[in-house]
Amino acid sequence: MAEFIARDRNWALDYLTDAERDEIEAEAACYPRRDSLAIEALRVVQNHRGWVSDDSVAAIADYLGMGAAQVDAVATFYNLIFREPVGKKVILLCNSVVCWMQGCERLRAHIGERLGIDYGETTGDGEYTLLPITCLGDCDHAPALMIGDDHHHDLDTKELDRILATRED
Amino acid sequence: MERPLTGLMRGDGVALSLTEYRDGGGYSALEKALKSWSGEDVIEEVKASNLRGRGGAGFPAGLKWSFVPRTDKAPRPRYLVANADEMEPGAFKDRLLLEGNPHLLLEGMILSAYAMGAEVAYIFLRGEYVEPRRRLRRAIDEASAAGLLGRNILGTDFSLDLYLHISAGRYICGEETGLLNALEGKRATPRSKPPFPQVSGAWGKPTVVNNVETLCNVPGIVRHGAEWYRGLGLAEDSGTKLFGVSGRVRQPGAWELPMGTTLRNILEKHAGGMCDGYHLKGVLPGGGSTDFLLPEHLDMAMDYDTVGKAGSRLGTGTLIVLDDKTCPVGMVLNLERFFAQESCGWCTPCRDGLPWTRQLLEDIEDGRGSLEDLSTLEDHTAFMGPGKTVCALAPGAMEPLQSALKFYREDFEQHIREGRCPYD
């Protein structure tokens, strides 16, 4: 369990950068309540810092006038919010039914051989984290995965090697 | 053949711009409705069209809207939410609509909001749909600049604010009340009903949640009329449908076809039939949470009632093909792993029953199963059936399992007899 240290709003204002606060406030107009911004705020902070630490949870909670446990309950529910550090690039490998039928386990094994990581692990150099993901909606081009914001389709180990080599350049 | 959902789309995969959409007649339905129809007129036309929800449940869209209280004393604002959280395993149809013609969704949303008297609309989009997000943002900007969103749309007294909510994951967000909790910034645990969202939805206000494809049908209905729309379907159900096929077929993809097109036509003509060396063993007709159909069902019309009578559901209309070289036990195990993982954990049958189901299937697939496990699995399909849980996740999870136990019994028993997976 995370332990959250009680601080005050000034600390939260100090912890969050100007850019983070601006981006959270830009979303504020879309929702009738301040606490409805919790998911947006978690995403904004994660975009800037790569993941959401205990301090980030506490700062978001103070900033939105919520309890830290309330924000953490939200943060831990959603799989695209990372409560542990991840690599610079997150590989989301689809392991749902169509990609399973068409070879996602081969891709998982190949990533294991090439990068030395399995689900939930990060490479030693902090470049890549591998995570499974539910159906990416690319079933007509299975198997598929995402690296960062990019979807990659119709993969085999050769094509995956080519993509990873391009990204390392 | 008329294709009101995809007919205007460009061949090169680029989204239609506002100008291109308007040149093809886009937003003319909105102009017609705002200038000469009341909101009730739109509801009546959509009711008469028999448009049924394309997210999977098939509920009549016009009827859903009519449950929104419209008296002067009714709570405000009213909300319309487009469910663009496409996460059903095997489903990729809404992505094609969002990427190919985002303005069609916007026009459908503005019309629907006008029909039910909504002042605020959201598009609830799954986080992994990055390209749809870019294209929707651009379309919303274009529509706002052209006076199609915001204050006094097209110079009338109708106003609508439309926002894009980017989701942070989890399949359960596609369930409409789970979606509303997620929209409110909470955990996406489904709510018990009643009250239904139309009466007390987002932030306790009247809210309608419609699937993307459902909303995309509305402009055509308003523009050409209910009678035209009903004439598009080949049998009982109206309109066209995006049908998709994935698995070991020659040309996986999605096509807009008349509602009631046969399974054979979709699989053989459009998807090109099975890949060389593979034979059809079964099909999940509407995504991962539908019952298997068999090759003997190939000449069946794909519409809500016909598929229902055959013991499955039309669901999303995106078919997943099971071939003869894929282990049906392994396939169902993959699906139950998915559902067990995606259970929100709120109610006991789902939270405890799905991991149990997954474990039994793992045992059978790995050669440690017994015949008794099969009857335990059958018990689970009853314990997690309709009416036993807060939402439809667990009953949906039971659909491929119960039909696999029936149709592929011999495969299950062979695993148990031989103590291994015969497909390995």
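Bear in mind the structure is a predicted one, so any value in this text is a computation, not a measurement.

Each partner contributes to the interface: chain A provides 32 residues, whereas chain B provides 37 residues. Contributions of two or more residues to the side of chain A that touches chain B are made by α3 (38-49), α5 (68-75) and α6 (97-101) of chain A. If one sorts the elements of the side of chain A that touches chain B by residue count, α6(A) sits on top with four residues.

This part is about the domain arrangement of chain B. Interface size, as often reported, equals the accessible area lost upon joining of the parts. Residue and element names in this part refer to chain B. Domain assignment breaks chain B into domain 1 (18-232), domain 2 (240-323) and domain 3 (328-418). The distance between the C-alpha centroids of domain 1 and domain 3 comes to 35 Å. Taken together, the contact between domain 1 and domain 3 spans 10 residues of the former and nine residues of the latter.

Residue and element names in this part refer to chain B. The residue after Arg 76, namely Pro 77, is reached through a cis peptide bond having omega -5 degrees. Looking at the element boundaries, Pro 77 is found in the loop between α4 (61-66) and β1 (79-84). Positive phi is not limited to glycine here, since Leu 154 has a value of about 50 degrees.

Here we come to the sheet that holds strand β4 (residues 145-147) of chain A. Residues and elements named next belong to chain A. If you trace the five strands from one edge of the open sheet to the other, you get β2-β3-β1-β4-β5, paired in mixed fashion. Edge positions in the sheet fall to β2 (121-122) and β5 (150-152), since each has one partner strand and no second. Bridge count for strand β1 (residues 89-94) against strand β3 (residues 128-133) is six bridges, and the pairing is parallel. Note that in β3 the partner of Cys 94 across the bridge is Ile 133.

Glancing now at the packing of α3(A) against α5(A). All names here are of chain A. Running from amino to carboxyl end, α3 crosses α5 at an angle of 75 degrees, the nearest separation of the two axes being 10 Å. The pairing of α3 with α5 is recorded here as roughly perpendicular in orientation. Along its contact with α3, which presents Ala 38, Ile 39 and Leu 42, the element α5 presents Val 71, Val 74 and Ala 75. When the residues that make up the contact of α3 with α5 are grouped by side-chain class, the tally is six nonpolar, no polar and no charged.

The rules we used
Residues numbered from 1 in each chain as written. Chains lettered and ligands numbered in written order. Predicted model: local features only at pLDDT ≥ 70, side-chain atom pairs only at ≥ 80, totals over all residues. Contact = placed C-beta atoms within 7 Å. Helix = DSSP H or I, 4+ residues; strand = E, 2+ residues; numbered from the N terminus. Domains from an automatic or database assignment. Pairing = 2+ DSSP bridges. Axes fitted to C-alpha atoms, helices over the stretch in contact; angles between N-to-C directions. Parallel < 35°, antiparallel > 145°, perpendicular 65-115°, else oblique. Nonpolar A, V, L, I, M, F, W, Y, C, P; charged D, E, K, R; others polar.

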